[in-house]
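# A closer look at the structure
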Amino acid sequence: MTDIKIEMKNIGKVFETDDVETHALKDVDIVIRAGEYVSISGPSGCGKSTLLSLLGLLDESTSGSYVIEGHDVSHLSLDEAAHIRNEKIGFVFQSFNLIDEISVFDNVALPLQYKKEIPTDEFIKERVEACLKMVEMSHRADHKPNQLSGGQQQRIAIARALVADPAILLVDEPTGNLDSQSGDTVMAVLAELNKNGTTICMVTHDARYADMAKIQLKLLDGQIVNDEALKVAV
Amino acid sequence: MRILIRQHKQAWASLKKKPGFVLTVLMTMGITLGALLCAITLNYLLLVEPLPYPDQDRLFVAEHGVTGAKKETKGLAFTYPGLVHLYKSKAAFEQAAIMSYGEDVIVSHNSQPLVNTAYITPELHQILASPLALGRMFEASEAMDTHNPVAMLSYNTWQQEFNGNVDILEQKINIRGVSYRIVGVLAEHFIEPELEEIGRETQVWLPFDFNSAGEGQRQSFGNISGNLKFIGLLNKEVSQSQAVQLLTPLVNDRWQEGVAEISFFKGWSIDMRVRPVKEVMLGQSESIAIMLLAGVVGLVLIACANISNLFMARTAEKQRQMAIQAAIGATKKHLFKAMLAETSILMFMSIILALVIAKSGFYIMQQYLGAVLPRVNELSLNPITFGCAVLVTVVFALFFAKLSTRMINYRALNTTLQSSGKGSGLQVSKKTRQVLIASQVALATVLVFANFSLLKDAVKTINAPLGFTTTNISTLRLNFSSTDSPSQEESIPIMAGIMEKLEALPQVESLSQSGSPLDGFYLRALTNVANNERYTPFLKGADQRYFNMIEQPLLQGDNFTRVDRQDGNNVMIVNQAFAKQLKADGDVLGLQLSMGGPDPHKIIGIVKDIAIPGETAIEDDGSAEYTGVPRAYVASRLGAQTFMLKLKSGQSVSREQLGKLLAEVDSRYAVFSFNSADDILTQRLFSEITTAVTTAVLAGLVFLLAGIGLYGILSYGTQLRRFELGARMAIGATKQHLVTMIINDNAKSVLVGFIGSVVLFALAYIGLSEYIQPFLTWQVLPMIVATLILITLVTLFACYWPLRKYINKPAIFSLRGSD
Ligand SMILES: Nc1ncnc2c1ncn2[C@@H]1O[C@H](COP(=O)(O)OP(=O)(O)OP(=O)(O)O)[C@@H](O)[C@H]1O
Ligand SMILES: [Mg+2]
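Below is a summary of the structure that appears in this document. Residue positions are counted from 1 within each chain, in the order its sequence is given. Labels follow written order: the first chain is A, the first ligand is 1, and so on. In view of the model being predicted, local features appear only for residues whose pLDDT reaches at least 70, and side-chain atom pairs are presented and counted only at 80 or more, with totals across whole chains, interfaces and linings using the full set of residues. As a convention, hydrogens and water are excluded, and side-chain values are obtained from all of the structure's heavy atoms.

### Some thoughts on the sheet that holds strand S8 (residues 200-203) of chain A
Residue and element names in this part refer to chain A. In this analysis, strands are considered paired if DSSP registers two or more bridges between them. Each helix is a run of DSSP H or I of at least 4 residues and each strand a run of E of at least 2, with the numbering of both proceeding from the N terminus. Here we have six strands laid out as an open sheet, ordered S6-S7-S8-S3-S9-S10, and mixed in their pairing. Both outer strands of the open sheet, strand S6 (89-92) and strand S10 (223-224), are each paired with one neighbouring strand and no more. Both strand S9 (residues 215-220) and S10 contribute to a ladder of two bridges, which runs antiparallel. Counted as the bridge partner of Leu219 is Ile224 from S10.

Here it is, written out as structure tokens:
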């Protein structure tokens, strides 16, 4: 049991705008174990990003329960959610979301600054350098993000997501803003990370990249249509 | 044209989505531009606009300058015979009028009102070409020495005291025992030249012959009086300085003859002053008006800085939209025009609000500043105001549009689109933002501090200890409604009778037969018998109960007694300041001072100094160093017709009640005035109260503007960092992390702003050290601290408030593009 990283049960999400209710997710069950590489795909508007933001505690579900590494995180205050995100979750966004005003090194170090107990400078330096090395960006540590190409920026974003040693890496269309060549490099980095033990959950449109994942979930109208996760478990 | 309309429609639609932005611009620009239009109109009226009289450029006032033996100016006021002599000489002026201002009771009227009067020669209204509502102005048959009792009313008096009765002409009014036939009513739009006092309106005009000067004053060259005036149209070929040269010997020679017998005036002379009526009316108001304009321009500048910030932030916000427009072919000019459509709509709305505010400003000035600023009744929205309004609208609309579009790097617009990375959008650079915050803080600090200081000074004057009490004390002055005033002997029993009745009133606690210190002292020349030194202290008559009643302590010697007054003893009580002037050690009991008569006055007591607000000390020839206002008191006579009533607390007496009481004793007496000392005090403190209120309002406004400005920058700054905030939240930043981060980021700019304000102060100190130096004491420290705390609080609020909507929602809200 201890190797279950993430367990979602009966998760639902309803958006209420003015008078329309959108059921973005309905009764979604997901289990992700240590070292797995999960991809979520499906047509536009099916609820992929919504699911990922619930997985990442960026938003609250309307119903259902959610457990990360044995901690129930279904009902958390904003600050508690922030702490869990900091400790257990690494994020990679489609649009990088790096901070232009600080250096690549500082961007990567940022999650460590938000830890409850801020680590020593030596530890930070070691850790950041290690992560930059994993994404092969050590030589650009002193640059500003806007001096880098899109693919390079995305690799920095991955390094940032890894730096706090999260339980899981959540990735939302990592190649959406990239040309195919840079996209391939980024995907290669992710594959490499997974091989070395990182648990990854990735949303993607691209069937080619979805195939790289061991477990492929398909979403349709807010529901998971094939349940390969269970199959593998059996 | 169609394109123009469409552009404005689009601009309107896009503005409607930002009500907060529109409201901020509207309020900020509307209020400050309203104040600006007000100040400009006032300045134009006072400094540029000619007086509403024909030949106003030849309209001059002649004044008697009384010069002492050391060539120092003793005063600017005529002697009665001097004025008449000048008038009769007909020198230098084509046409001239003389007048004497007064206050009188219309005894014949039911309510016996006290009115402002002016005793004039007929030329006055001819020179002014005064418009009339009814009847005629005075004519030759009512000139000097004709003793023809006629009267003219002001429009307001006609309306208020006589209910606008159309049959007013030929009716009679009785003033001081003379029955005057009303021959004319001035028109509503007649504007009186305010020669004596700003805001004083003459209610009843009477012929010069009937003025209140007694027979003695009419003959005396030694008696100067401030309410005598000379106004005239200068001869076309005579210049101002020529007139002075012409008139001075004419007046001075006659005066020297008149005072040859009086040794006090030895070495003194008269030099005439001839000044344009406009200058006389303007007095000190020019600097007030200019200061007001300067202050308002300061406000407009802050407002302008604020709004610039907002527009720049808005451009940053619209960056993407403009990039798309550029991509489909909009040129730089197109973008400018679109921006201009928006700024012109905003400025148009602001100026409408500004005009409304200016109009209310005029009303407020007319209601409350009539006694401080001349000509405020002429204030109205005129072509100058509208001209300025149009100019301001156009200039600001162009300025803001230009400023906004200048920010756009047109060539970079396309790259904005290509690199759709949300974090790397073009934004107001961090530097610009920091400079804006710093300048805002610096300006606000300086202005808030300056306002605080002014406010504190005004409040200090208002709360300054008087040295005497005014509680429940009122002054009653009598009016004698007959031509020849009663002699001392005659009035003593009448006054005794009146006092008996007054004391018998159940409301009255005590009574004194002398006026309150607030009713004024008069300057009197005194000579120290021992060494022939001359002094001019302020003098007042007081009875044995005066000092007790107002609680002014007697420090040394004795009070007056009833016997002193009965026997007409020449005794005097002086205050500490005068005692010090007379003798350095202040031990002056027994000292003898002469008023010119055979028997000098002996000093029997010394009282503590008092401070009368609004009274500026006259430096005594600059010789003795100034300590306080020197005052001397003589025993009031038993026939004196001014009383102080101390009423029991919570009690009151009406003017009518007192009028009845007087009539019972002697029907020739009526109430001239009955005022509470507290009311007089409030009146005296009027300018301080006005200053306090104005600065408090201004401080509030500055603070509000500074707040809006800081909020504007910080809020847009935060908005632009939305995705960054989202990213930070996604990787685990808590609320506290983010609030601390924003405050830290802004703290540097605020600190720079504080330092900037210190630099501004240092510059002001170098430039204006003589004004600021006396001001720089440790007392400013708490004000500096208060200012810093206030500004810091505003900054903290402006940091937190815009942030709250991001940090109190799930992180996804900040990360998502739409609201
Ligand atoms: N904040 C919101 N308010 C209302 N409805 C929303 C909101 N966010 C998402 N939705 C709706 O929820 C549904 C799922 O949206 P989601 O963004 O998860 O789709 P997606 O699968 O990520 O699509 P895409 O592949 O286009 O990114 C959609 O119908 C969308 O309109
Ligand atoms: Mg999506």
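### Some details on the pairing of strand S1 (residues 59-67) of chain B
Residues and elements named next belong to chain B. For S1, the tally of buried residues reaches nine of nine residues, placing the bulk of the element in the interior. For every residue, the accessible area (1.4 Å probe, protein chains only) is compared with the maximum for its type, and the residue is labelled buried under 20%, exposed over 50%, or partly exposed between those bounds. Side chains of S1 alternate between two faces, with Leu59, Val61, Glu63, Gly65 and Thr67 and Phe60, Ala62, His64 and Val66 buried alike. Bridge count for S1 against strand S2 (residues 73-76) is three bridges, and the pairing is antiparallel. Within the sheet, the bridge partner assigned to Thr67 lies in S2 and is Thr73.

### Overview of the interface of chain B and chain A
Any two residues having at least one pair of non-hydrogen atoms within 4.5 Å are treated as being in contact. Of the residues lining the interface, 26 residues belong to chain B; the matching set on chain A comes to 24 residues. Summed over both partners, the accessible area (1.4 Å probe) lost when two parts come together is defined as the buried area. In total, chain B and chain A occlude about 2,200 Å² of area from one another, counting both sides; carbon and sulfur atoms represent 60% of this. Take a side-chain nitrogen of Lys or Arg and a carboxyl oxygen of Asp or Glu: if they are within 4 Å of each other, that pair is a salt bridge. At the junction of chain B with chain A, the criterion picks out zero salt bridges. Definition of a polar contact: a pair of N or O atoms within 3.5 Å, with one able to donate and the other able to accept a hydrogen when the atoms are protein atoms, and with sequence-neighbouring residues admitted only if both atoms are side-chain atoms. For the pair chain B and chain A, the number of links is six residue pairs in polar contact (both at pLDDT 80 or more). For the side of chain B that touches chain A, the secondary-structure elements that each account for two or more residues are helix H21 (722-730), helix H22 (735-767) and helix H25 (811-815) of chain B. Broken down by element, the residue count for the side of chain B that touches chain A peaks at six residues, all from H21 of chain B. Put simply, Ala, Val, Leu, Ile, Met, Phe, Trp, Tyr, Cys and Pro go in the nonpolar bin, Asp, Glu, Lys and Arg in the charged bin, and everything else, Gly too, in the polar bin. Per-class residue counts for the side of chain B that touches chain A are eleven nonpolar, eight polar and seven charged.

### Here we look at the packing of H22 of chain B against helix H24 (residues 780-807) of chain B
Residue and element names in this part refer to chain B. The interhelical angle for the contact between H22 and H24, taken along N-to-C directions, is 145°, at an axis separation of 10 Å. Of the two elements, H22 crosses H24, and the hand of that crossing is right-handed. Between H22 and H24, the contacting residues are Lys735, Leu738, Val739, Ile742, Ile743, Asn746, Val750 and Phe754 on the first element and Leu788, Ile791, Thr792, Thr795, Leu796, Cys799, Tyr800, Leu803 and Ile807 on the second. Class assignment for the residues of the contact of H22 with H24 results in 13 nonpolar, three polar and one charged. Fitting a line to C-alpha atoms yields each axis, with helices limited to the stretch in contact; the angle taken between N-to-C directions then spans 0 to 180 degrees. It is the rotation of the near helix from the far one that decides the hand of a crossing: anticlockwise by less than a right angle makes it left-handed, clockwise makes it right-handed.

### Concerning the sheet that holds strand S4 (residues 63-68) of chain A
Residue and element names in this part refer to chain A. Ordered in space as S2-S1-S4-S5, the four strands form an open sheet in which the pairing is antiparallel. Looking at strand neighbours, the two that pair on one side only are strand S2 (20-33) and strand S5 (71-72), the edges of this open sheet. Both strand S1 (residues 4-17) and S4 contribute to a ladder of five bridges, which runs antiparallel. Looking across to S4, one finds that Ile6 is bridged to Ile68. The sheet strands contacting helix H1 (residues 48-55) are S1, S2 and S4, and the helix crosses S1 at an angle near 125°.

### Details of the environment of Ala530 of chain B
All names here are of chain B. Tracing the chain through its elements places Ala530 in the loop between strand S17 (526-528) and strand S18 (534-535). Given the relative accessible area of 73%, Ala530 is considered exposed. Through-space distance from the C-alpha of Ala530 to that of Leu593 is 8.3 Å; in sequence the pair is 63 residues apart.

### Concerning unusual backbone geometry
All names here are of chain B. The phi dihedral of Asn163 falls on the positive side, at around 50°, and the residue is not glycine. Along the chain, Asn163 falls in the loop between helix H5 (155-161) and strand S8 (172-175). For Arg176, which is not glycine, the phi torsion reads 45° and is therefore positive. For Arg176, the location among the structural elements is in the loop between S8 and strand S9 (178-186).

### With respect to the packing of aromatic side chains
Ring pairs are drawn from Phe, Tyr and Trp, using the six-membered ring of Trp, whenever the two centres fall within 6.5 Å, and their geometry is named by plane angle: stacked under 30 degrees, edge-to-face over 60, tilted for the rest. In this structure the tally under the stated criterion is 21 aromatic pairs over all chains. A ring pair is formed by Phe480 of chain B and Tyr669 of chain B, whose centres lie 5.0 Å apart and whose planes are at 55°; its orientation type is tilted. Within this pair, whereas Phe480 of chain B is found in strand S14 (residues 473-480), its partner Tyr669 of chain B is found in strand S26 (residues 669-676), the two being separated by 189 residues in sequence. By relative accessible area, which is 2% here, Tyr669 of chain B ends up buried. Ring geometry for Phe521 of chain B and Tyr633 of chain B: centres 5.7 Å apart, planes at 70°, overall edge-to-face. Taken together, the residues Phe521 of chain B in the loop between strand S15 (508-512) and strand S16 (522-523) and Tyr633 of chain B in strand S24 (residues 631-635) connect sequence positions 112 residues apart. Given a relative accessible area of 12%, Phe521 of chain B falls into the buried group. For Tyr633 of chain B, a relative accessible area of 0% puts it in the buried group. Pairwise contacts between aromatic rings join Phe21, Phe311, Phe396, Phe399 and Phe400 of chain B into one cluster. Across from the ring centre of Tyr209 of chain A, 4.7 Å away, lies the NZ or CZ of Arg208 of chain A, which sits over that ring. The ring of Tyr87 of chain B carries Lys90 of chain B above its face, with NZ or CZ at 5.0 Å from the centroid. The rule is short: NZ of Lys or CZ of Arg within 6 Å of the ring centre and within 35 degrees of the ring normal puts a charge over the ring.

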